[in-house]
Amino acid sequence: MPTNNQSKSQAIEAAQERIRSNRADLCDITSLANELLDRKSEALARAITLIESNNPSDRPQAHKLLSKLRDHGHPNSLRLGITGIPGVGKSTFIERFGLDLIDEGHRVAVLAVDPSSKRTGGSILGDKTRMEKLAVSDNAFIRPSPAADTLGGVARATMEAILLCEAAGYNIILVETVGVGQSETSVRDMVDVFCLLLIGGAGDEVQGIKRGIVEMADIVVVHKADGENVGECRDTASAYRNALHLFPETEGGNKVEVITASSMSGDGHDEFRSCVGRLLDIWSGNGFFESQRSLQRSERMASHAKDLLFENKINGIRSQEVWDRLSQSVESGEMSAFSAAWEWMNS
Ligand SMILES: Nc1nc2c(ncn2[C@@H]2O[C@H](COP(=O)(O)OP(=O)(O)OP(=O)(O)O)[C@@H](O)[C@H]2O)c(=O)[nH]1
Ligand SMILES: [Mg+2]
């Protein structure tokens with residue numbers, strides 16, 4: 001049996017250890033933040049790993065890091081999403097677009113959101129090989145998709161990864177996402193400009209395009225417009241132009257532009273950069289750029305709160321037991337999913 005004095009000194013020692021480790025964490029986070037602000041890409045990679053972590057015990061650290069970097073956002077950053085079905089040429093397009101931007105003096109970060117990575121083992125190899133030149137540029141940072149997606153973690157982490165890239169001095173952030181599932185809708189809410197890549201000729205069903213995705217786009221690019229494909233791509237572009245003409249005016253007061261491009265020949269890339277420039281001119285003139293960002297920030301807060309609440313609740317041991325019991329009832333058909341979720345929430 002420990003004496004009273006013994007247990008008291010043990011408690012003091014434990015408390016001191018806790019304070020020491022908190023200080024060590026704080027120190028590590030401070031130096032990580034400083035290295036990131038010094039534009040060390042290795043620090044940026046480590047910081048993204050921290051915010052991508054699905055371990056709830058890493059949350060306080062992530063919070064500390066983001067708080068330290070809060071005032072270091074890039075004043076003139078541009079966040080651009082590129083979506084389209086697998087194989088439409090997103091990575092190849094980004095490589096060429098990114099290299100052109102670097103030539104113009106920009107610093108470019110590429111983040112990939114790939115909901116299919118869980119199934120296929122990821123397009124990491126594809127990302128690396130399709131962006132060979134960009135990958136070795138000092139002014140580019142490429143982050144392939146995280147390997148697993150739990151509790152919407154991939155999308156959650158991507159918004160924060162954008163902020164970290166900006167703090168590390170990247171002014172153009174390109175987010176590549178496969179346009180077949182949920183991911184592109186959440187990516188739309190993280191970027192300023194959203195671009196849809198299509199292939200000439202194939203109808204919407206063939207392209208696996210979800211309803212509504214075309215309406216979300218600011219710029220539509222009919223891609224791989226080279227060799228024998230040029231004519232077909234032009235036809236597809238004009239069909240989309242006609243269809244988009246019938247849509248109501250966009251919130252930003254801009255016209256959705258439809259162009260053809262090839263990342264093999266480079267045709268259409270100048271036109272693409274002009275389209276982006278025109279959009280930014282319109283949006284900075286009418287205030288839409290800033291208002292869209294403000295709205296995105298407040299929506300992100302709600303979505304983080306939802307994730308954290310869920311995580312907090314599901315990680316309680318009792319709560320997990322209740323979850324397992326209710327989920328068995330749902331699986332066996334004894335209970336509806338809504339009632340079970342309701343009961344769990346109120347448990
Ligand atoms: N002809 C032609 N082929 C292209 C063009 N761009 C890309 N490709 C080819 O299309 C294939 C797919 O290119 P990626 O850039 O990997 O496509 P992706 O959309 O990033 O694919 P995922 O990341 O797997 O969704 C590759 O074989 C490219 O060489 C283009 O402009 N013209
Ligand atoms: Mg790709």
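Quantities reported herein were computed from a predicted structural model and do not represent experimental measurements.

The rules behind these values
- Residues numbered from 1 in each chain as written.
- Chains lettered and ligands numbered in written order.
- Predicted model: local features only at pLDDT ≥ 70, side-chain atom pairs only at ≥ 80, totals over all residues.
- Heavy atoms only, no water.
- Donors = N, O, S within 2.8 Å, 3.2 Å for Na, K, Ca; no water.
- Helix = DSSP H or I, 4+ residues; strand = E, 2+ residues; numbered from the N terminus.
- Buried < 20%, exposed > 50% of the residue type's maximum accessible area, 1.4 Å probe, protein only.
- Expected span 1.5 Å × (residues − 1).
- Near = heavy atom within 4 Å.
- Polar contact = N/O pair within 3.5 Å; in protein donor to acceptor, adjacent residues only side chain to side chain.
- Areas by Shrake-Rupley, 256 points an atom, 1.4 Å probe, with all protein chains shown as cover.
- Nonpolar A, V, L, I, M, F, W, Y, C, P; charged D, E, K, R; others polar.
- Pairing = 2+ DSSP bridges.
- Axes fitted to C-alpha atoms, helices over the stretch in contact; angles between N-to-C directions.
- Phe/Tyr/Trp six-rings, centres within 6.5 Å; stacked < 30°, edge-to-face > 60°.
- Salt bridge = Lys/Arg side-chain N within 4 Å of Asp/Glu carboxyl O.

Student: Go over the coordination of the magnesium ion (ligand 2) with me, naming the residues and quoting the values.
Tutor: Around the magnesium ion (ligand 2), the donor atoms from the protein are Ser91 (OG) and Glu176 (OE), and they sit 2.1 to 2.2 Å away. Of this pair, Ser91 sits in helix H4 (residues 90-103) while Glu176 is found in strand S4 (residues 172-178), placing the two residues 85 residues apart along the sequence. Taken individually, Ser91 and Glu176 each receive the classification buried, so the pair is uniform in this respect.

Student: So what about helix H2 (residues 41-52)? Which residues, and what values?
Tutor: A rise of 1.5 Å per residue sets the reference length of H2, with its twelve residues, at 16 Å; its end C-alpha atoms lie 16 Å apart and thus fit the reference within 8%. Listing the buried residues of H2 in full gives Ala43, Leu44, Ala47, Ile48, Leu50, Ile51 and Glu52.

Student: Go over the site of ligand 1 with me, naming the residues and quoting the values.
Tutor: Close to ligand 1 lie 17 residues, the nearest being Lys90, Thr92, Arg130, Asp226 and Ser263. Between ligand 1 and the protein, one listed contact pairs an oxygen atom with a backbone N or O atom of Gly89 at 3.0 Å. The contact in question runs from an oxygen atom of ligand 1 to an N or O atom on the backbone of Ser263, over 2.7 Å. Considered on its own, ligand 1 offers 650 Å² of accessible surface; in the complex 77% of this is hidden by protein. Element by element, the count of residues in the shell around ligand 1 is highest for H4, at three residues. Of the residues assigned to the shell around ligand 1, the class counts are five nonpolar, seven polar and five charged.

Student: Provide a residue-level description of the sheet that holds strand S1 (residues 78-84), including the pertinent values.
Tutor: Pairing in this open sheet of seven strands is parallel, and the strands run S3-S2-S4-S1-S5-S6-S7 from one edge to the other. The sheet is open, and its two edges are formed by strand S3 (140-143) and strand S7 (257-260), each paired on a single side. Averaged over all pairs of adjacent strands, the angle between their axes in this sheet comes to 20°, without regard to strand direction. Note: strand S2 (residues 108-113) against S3, four bridges, orientation parallel.

Student: Just give me the short version of the pairing of S4, but keep the residues and values in it.
Tutor: Among the seven residues of S4, seven are classified as buried, and the element is accordingly described as predominantly covered. The side-chain alternation of S4 yields two buried faces, one formed by Ile172, Leu174, Glu176 and Val178 and the other by Ile173, Val175 and Thr177. One ladder, built from seven bridges, connects S1 with S4; its direction is parallel. Counted as the bridge partner of Thr83 is Thr177 from S4. Pairing between S2 and S4: six bridges, direction parallel. Among the inter-strand pairings, Ala109 is bridged to a residue of S4, identified as Ile173.

Student: So, the packing of aromatic side chains: which residues are in play, and what are the values?
Tutor: If you walk through the whole model with that rule in mind, you get seven aromatic pairs. Measuring from ring centre to ring centre gives 4.8 Å for Trp323 and Trp344, while their planes differ by 80°; the resulting arrangement is edge-to-face. A residue pair is termed long-range when its members are at least 10 positions apart, and Trp323 in helix H14 (residues 317-331) and Trp344 in helix H15 (residues 337-345) qualify at 21 residues. Under the relative-accessibility criterion, Trp323 is labelled partly exposed at 30%. You can call Trp344 buried: its relative accessible area is 4%. Through successive ring pairs, a cluster of aromatic residues spans Phe93, Phe97 and Phe272.

Student: Talk me through the environment of Val110; I want residue IDs and the actual numbers.
Tutor: Within the secondary structure layout, Val110 lies in strand S2. Look at Val110 and you get buried, because its relative accessible area is 1%. Placed twelve residues apart in sequence, Val110 and Gly98 show a C-alpha to C-alpha distance of 8.6 Å.

Student: Describe the pattern of salt bridges, listing the residues and the values that go with them.
Tutor: Inspection of the entire model under this criterion finds 13 salt bridges. Connected via shared salt-bridge partners are Asp100, Glu104, Asp270 and Arg273.

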